[in-house]
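# A structural walkthrough
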Amino acid sequence: MLSFKNLSNPSVWRICLSGTFLAASPFTSHYTMSSLEEPLGLEKFASLDSVSRLRRFSTSACRPRYDEMEMGNCLIEGRSCSSSSTCHEDSPRDTYPWRRQINGRSNSRYLQDRLYGTSCKDNGGRDFANKFLRELPRYVKIVEVGPRDGLQNEKNVVPTSVKIELIQRLVASGLPVIEATSFVSPKWVPQLADAKDVMEAIRDVDGVRFPVLTPNLKGFEAAVAAGAKEVAVFASASESFSKSNINCSIEESLARYRAVAEAARKLSIPVRGYVSCVVGCPVEGPVPPSNVARVAKELFDMGCFEISLGDTIGVGTPGTVVPMLQAVMAVVPVDKLAVHFHDTYGQSLPNILVSLQMGISTLDSSVSGLGGCPYAKGASGNVATEDVVYMLRGLGIKTNVDLGKLISAGEFISKTLGRQNGSKTAAALGKKMTADASKI
């Protein structure tokens, strides 16, 4: 595992990702999973020799590609690999001389021949897999945000009975934290005007935490009166988005939340903090990591027990998420951080993977990929909880979530809303279960 302090170097970042995704891409015509519910775990990956790994995870074995001559831990320049575990040079080193020059300067990465040994040692692959596994948490806490963040963006108001049944189904799946609703003005978010009724129906459920969003002291007081035992506040790392989303500046919003945090402290009610637009803003564009770190630290200092970092419009990639996390981790302990990714560009799972490698062990997600922000144009749904659980299982990480029951909850809300389930895992397993049922 490469040190994250070196990831500002683009070439090093590319090497790291090449190794990471080789181990995390279970698709190939050479290997068929015995069960889609049991993805190949990395504990098995470490015992494979080089050829077996490449056959499992590559449809083209170990052939160099013109766009990127890197495969796993072997950096290949103008070479092809035979069927043995050794890579032979079948063409001169200068077959691709353009790769030795970047912007007219020599690239030291290609000048150090020791990086390009002629053999791909099996031990290197095992060492990589072992280090990869050691960097990952053994257990990940999933915060399900579907009932609140997922439904707040619906055009039509979802019946209260449907919301309650959705929460009950999510509880049955084993999720430990379910964000139930939001105590905001019905004028701004009419979809959640029934917050009091939802809380009344679930207030006696044991073993699960039901945080609710409270934008100000008035909302906090209403939440407490409805039986809320945990609340959340939200600030933006973008000044423009803060004004368009909650009609106040960042500093004004933080002042509101200090009052909420103080009132919550007196009642021993935990407060979770959200930071939105941690990578990009629909108005301002890219958001500097230092802005995110400043807001996160303010929330942590006022007493928030956990800070969730949200890529509100889903523009983040591992290349932008890593420096953002580095900046925040410098001022807030990593065990107090969570990540919250929207899947606008399909980058949520890779972003989650690098977050796990950096020490994050709490993930926000939404059943069936529900969600989107009413005040962020173009923001698609959150990453689907089903897809997150499936990936974590493949990595050997415990969640204590029953994937089958989770998929059932996603199917329920998708059919109720009259739309296709946004989870790829649910779609794949749904087809498999239908096919199996037809054989009975």
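Residues numbered from 1 in each chain as written. Predicted model: local features only at pLDDT ≥ 70, side-chain atom pairs only at ≥ 80, totals over all residues. Heavy atoms only, no water.

## Points about the overall build of the protein
Selection criterion: Numbering of helices and strands runs from the N terminus, with a helix taken as a DSSP run of H or I at least four residues long and a strand as a DSSP run of E at least two residues long. Accessibility here uses a 1.4 Å probe with only protein chains present; expressed as a share of the type maximum, an area under 20% marks a residue as buried, one over 50% as exposed, and anything in between as partly exposed. Any two residues whose heavy atoms approach within 4.5 Å are treated as being in contact. The Shrake-Rupley method, run with a 1.4 Å probe sphere, supplies the accessible areas, and residue values consider only the shown protein chains as cover.
Across its full length, the protein holds 17 helices and 17 strands. The buried share among the 440 residues of the protein stands at 52%. Taking the contacts inside the protein whose residues are at least 6 apart along the sequence as the reference set, 72% of them involve residues at least 24 apart. Total accessible area on the protein stands at roughly 19,900 Å², and carbon and sulfur atoms take up 52% of it.

## Here's the deal with the packing of aromatic side chains
Cut-off, in case you're wondering: Only Phe, Tyr and Trp rings take part, Trp by its six-membered ring, and two of them pair if their centres are within 6.5 Å. Stacked means planes under 30 degrees apart, edge-to-face means over 60, and tilted covers everything else. Distance and angle both matter: a charge sits over a ring if NZ of Lys or CZ of Arg is within 6 Å of the ring centre and within 35 degrees of the ring normal.
Under the criterion given, the structure shown has one aromatic pair. Ring geometry for Phe 234 versus Tyr 257: centroids 6.2 Å apart, planes at 50 degrees, classification tilted. Of this pair, Phe 234 sits in strand 11 (residues 231-236) while Tyr 257 sits in helix 11 (residues 250-266), placing them 23 residues apart in sequence. The same class applies to Phe 234 as to Tyr 257, namely buried. Positioned above the aromatic ring of Tyr 274 is the side chain of Arg 148, whose terminal nitrogen or guanidinium carbon lies 6.0 Å from the ring centre.

## Focus on helix 16 (residues 403-417)
This is how it is decided: For a helix, the expected span equals 1.5 Å multiplied by the number of residues minus one. We call two N or O atoms a polar contact when they sit within 3.5 Å, provided that within protein one can donate a hydrogen and the other can accept it, with sequence-adjacent residues counted only if both atoms are side-chain atoms.
In this model helix 16 runs 21 Å from its N-terminal to its C-terminal C-alpha over 15 residues, within 8% of the 21 Å that 1.5 Å per residue would give. Listing the buried residues of helix 16 in full gives Leu 403, Leu 406, Ile 407, Ala 409, Gly 410, Phe 412, Ile 413 and Ser 414. With a side-chain oxygen positioned 3.0 Å from the backbone nitrogen of Gly 404, the residue opening helix 16 is Asp 402. Just past helix 16, the residue Gly 418 takes up positive phi, approximately 70 degrees.

## Structural notes on the sheet that holds strand 11
Strands pair in a sheet through their backbones, by hydrogen bonds, and they do so in one of two ways: parallel or antiparallel. As a reminder of what qualifies: By definition, two strands form a pair when at least two bridges between them are found by DSSP. Every axis in this analysis is a line fitted to C-alpha atoms, fitted for helices over the stretch in contact. Angles between the N-to-C directions lie between 0 and 180 degrees.
Overall, parallel pairing links the nine strands, which are arranged 8-7-17-16-15-12-11-10-9 in an open sheet. Looking along the sheet, the strands with just one partner apiece sit at the ends: strand 8 (177-178) and strand 9 (181-182). Docked against the sheet, helix 13 (residues 318-329) engages strand 15 (306-311) and strand 16 (337-341), running at close to 150 degrees with respect to strand 16. This element, helix 15 (residues 385-394), spans strand 7 (141-144) and strand 17 (362-365) of the sheet and lies at about 175 degrees to strand 7.

## Section: the pattern of salt bridges
Quick note on the threshold: What counts as a salt bridge is simple: a side-chain nitrogen of Lys or Arg found within 4 Å of a carboxyl oxygen of Asp or Glu.
Evaluation of the coordinates by the stated rule reveals 14 salt bridges. With its nearest N and O atoms 2.8 Å apart, the salt bridge here joins Glu 230 to Arg 209. Of the two residues, Glu 230 is situated in the loop between helix 9 (217-225) and strand 11 and Arg 209 in the loop between helix 8 (195-202) and strand 10 (212-213); the sequence distance between them amounts to 21 residues. Since its relative accessible area comes to 30%, Arg 209 is described here as partly exposed. Residue Asp 364 pairs with Arg 272 through a salt bridge whose shortest N-O separation is 2.8 Å. Placement of Asp 364 in strand 17 and of Arg 272 in strand 12 (residues 271-276) is noted, with a sequence separation of 92 residues between them. Arg 272 shares its class with Asp 364; the two are buried. A cluster of three or more residues bridged by salt bridges with shared partners is formed by Lys 141, Arg 272, Glu 306 and Asp 364.

## Some points on unusual backbone geometry
Positive phi values are uncommon outside glycine, yet Cys 277 reaches one of about 55 degrees. Its location among the elements puts Cys 277 in the loop between strand 12 and strand 13 (280-281). For Cys 277, a relative accessible area of 0% corresponds to the buried category. At Ser 368, a residue that is not glycine, the phi angle is positive and equals roughly 65 degrees.

## Focus on the environment of Phe 341
Its place among the elements puts Phe 341 in strand 16. The spacing of Phe 341 and Val 383 is 42 residues in sequence and 6.2 Å in space, taken between C-alpha atoms. In contact with Phe 341, other than residues within four places in its own chain, are Asp 311, Val 321, Ser 348, Asn 351, Ile 352, Ser 355, Asn 382 and Val 383.

## Points about the nonpolar core
Selection rule: Throughout this description, the term nonpolar core refers to a set of buried Ala, Val, Leu, Ile, Met, Phe, Trp, Tyr and Cys residues connected via side-chain atoms within 4.5 Å.
In terms of nonpolar packing, the biggest core is built from 99 residues, with Val 275, Leu 299 and Leu 309 touching the most fellow members. Ranked by the residues each element gives to this core, the list is headed by helix 11, at seven residues. Apart from residues no more than four positions distant in its own chain, Val 275 is found in contact with Ala 235, Ala 237, Val 292, Val 295, Ala 296, Leu 299, Ile 307, Ser 308, Leu 309 and Gly 310.

## With respect to the packing of helix 11 against helix 12 (residues 289-301)
Keep this limit in mind: Throughout, the term roughly parallel applies to angles under 35 degrees, roughly antiparallel to angles over 145, roughly perpendicular to angles from 65 to 115, and oblique to all others. Definitions for this section: a left-handed crossing has its near helix turned counterclockwise from the far helix by less than a right angle. A right-handed crossing has that turn clockwise.
The N-to-C vectors of helix 11 and helix 12 enclose an angle of 15 degrees; their axes lie 10 Å apart at closest approach. Our classification of the angle between helix 11 and helix 12 gives roughly parallel. Helix-helix and strand crossings are classified by hand; for helix 11 and helix 12 the assignment is right-handed. Residues Ile 250, Glu 251, Leu 254, Tyr 257 and Arg 258 of helix 11 lie in contact with helix 12, whose contacting residues are Arg 294, Val 295, Glu 298 and Leu 299.

## Here's the deal with the pairing of strand 17
Which entries qualify depends on this criterion: Handedness rule for crossovers: strands pointing away from the viewer, path from the first strand over the helix to the second running clockwise, crossover right-handed.
Burial along strand 17 is two-sided: the face carrying Thr 362 and Asp 364 and the face carrying Leu 363 and Ser 365 are both buried. Across four bridges, strand 7 lies against strand 17 in parallel orientation. Counted as the bridge partner of Ile 142 is Leu 363 from strand 17. Sheet analysis places strand 16 next to strand 17, joined by two bridges and oriented parallel. Following the sheet pairing, His 340 is matched in strand 17 by Asp 364. This β-α-β element, strand 16 to helix 14 (residues 348-357) to strand 17, shows right-handed connectivity.

What is shown is where atoms sit, not what they do.
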